[in-house]
Amino acid sequence: MSIGIKPLGARVVIKKIEAEEKTASGILLTGSAKERPQMAEVVAVGPGNEDEKMELKVGDKVIFSQYAGTDVKYDGEEYSIMNQRDILATVE
């Protein structure tokens, strides 16, 4: 599935996974009480470069640095483009 954005070098395009609106005990959170989501799904990957091999693939669920990346809106959807090194971990 192509989203129409092709990252260059060792960059990835992610789509953030929204934070839960309800706590484990059932309390509903308002917009300001929700944490900024730091979990996302990789939707596109660049080819990597000679200094950094691409280790991620489309469909990976990842945790990323809180202030990393550039937010973009494309075709009515919101994405973030960031360097692969700003991805902290994959989620299995």
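Residues numbered from 1 in each chain as written. Predicted model: local features only at pLDDT ≥ 70, side-chain atom pairs only at ≥ 80, totals over all residues. Heavy atoms only, no water.

J.: What is the right way to look at the nonpolar core in this model?
T.: Core analysis: the biggest nonpolar cluster contains eleven residues, these being V12, I14, A40, V42, M54, L56, V62, F64, A68, M82 and I87. When contributions to this core are tallied by element, the ones reaching two or more residues are β1 (11-16), β2 (39-45) and β3 (61-64). Ignoring sequence-local partners within four residues, the contact set of I87 consists of V12, L56, V62, I63, F64 and M82. (Core = buried A, V, L, I, M, F, W, Y, C linked by side-chain atoms within 4.5 Å. Buried < 20%, exposed > 50% of the residue type's maximum accessible area, 1.4 Å probe, protein only. Helix = DSSP H or I, 4+ residues; strand = E, 2+ residues; numbered from the N terminus. Contact = heavy atoms within 4.5 Å.)

J.: Before we go on, may I ask you to explain unusual backbone geometry in this structure?
T.: Trans peptide bonds make up most of the peptide bonds, and negative phi angles are found at most residues other than glycine. A positive phi angle, close to 55 degrees, is found at D75, a residue other than glycine. You can see D75 is positioned in the loop between β4 (70-74) and β5 (77-83).

J.: So what exactly am I meant to see when it comes to the sheet that holds β4 here?
T.: Sheet strands pair via backbone hydrogen bonds, and the direction of the pair is either parallel or antiparallel. Read from one edge to the other, the open sheet built from six strands follows the order β4-β5-β1-β2-β3-β6, with strand pairing classed as antiparallel. Each edge of the sheet is formed by a strand with only one pairing partner; in this case those strands are β4 and β6 (87-91). Taking each pair of neighbouring strands and ignoring which way they run, the sheet shows an average axis angle of 45 degrees. Here four bridges tie β3 to β6, and the two strands are oriented antiparallel to one another. Looking across to β6, one finds that V62 is bridged to T90. (Pairing = 2+ DSSP bridges. Axes fitted to C-alpha atoms, helices over the stretch in contact; angles between N-to-C directions.)

J.: Honestly, a nonpolar patch on the surface in this entry has me stumped. Any pointers?
T.: Where nonpolar side chains cluster on the molecular surface, the patch consists of I17, M39, I63, L88 and V91 and spans about 360 Å² of accessible area. Relative to the elements of secondary structure, L88 occurs in strand β6. Residue class for L88 comes out exposed when judged on its relative accessible area of 56%. (Patch = residues over 30% accessible without salt bridge, like charges linked within 9 Å, V, L, I, M, F, W, Y side chains within 5 Å. Areas by Shrake-Rupley, 256 points an atom, 1.4 Å probe, with all protein chains shown as cover. Salt bridge = Lys/Arg side-chain N within 4 Å of Asp/Glu carboxyl O.)

J.: I would appreciate a short explanation of the packing of aromatic side chains in the present structure.
T.: Aromatic rings considered in pairs are described by the distance between their centres and by the relative angle of their planes. Tallying each qualifying case throughout the model produces zero aromatic pairs. Between K15 and the ring centre of Y79, over which it is positioned, the NZ or CZ distance is 5.6 Å. (Phe/Tyr/Trp six-rings, centres within 6.5 Å; stacked < 30°, edge-to-face > 60°. Lys NZ or Arg CZ within 6 Å of the ring centre and 35° of its normal.)

J.: Before we go on, may I ask you to explain the pairing of β1 in this structure?
T.: In the case of a regular strand, side chains alternate between the two sheet surfaces. In this structure, β1 lies alongside β5, joined through four bridges in antiparallel fashion. Residue pairing for β5: R11 is matched across the bridge by N83.

J.: Just checking my understanding: could you explain the environment of G46 for this structure?
T.: Within the element layout of this structure, G46 appears in the loop between β2 and β3. By relative accessible area, which is 7% here, G46 ends up buried. For the pair G46 and Q84, spaced 38 residues apart in sequence, the C-alpha separation works out to 9.2 Å. For G46, the contacting residues outside a window of four places in its chain are P7, G9, R11 and M54.

J.: Can you help me understand the side chain of Q84 in this one?
T.: Here Q84 shows up in the loop between β5 and β6. By relative accessible area, which is 6% here, Q84 ends up buried. Within the local environment of Q84, its side chain forms a polar contact with the side chain of E52, the two groups lying 3.1 Å apart. A distance of 3.0 Å separates a polar side-chain atom of Q84 from the backbone oxygen of K53. Excluding residues that lie within four positions of it along the chain, Q84 makes contacts with A10, R11, E52, K53, M54, E55 and L56. (Polar contact = N/O pair within 3.5 Å; in protein donor to acceptor, adjacent residues only side chain to side chain.)

Geometric values such as these leave the question of function open.
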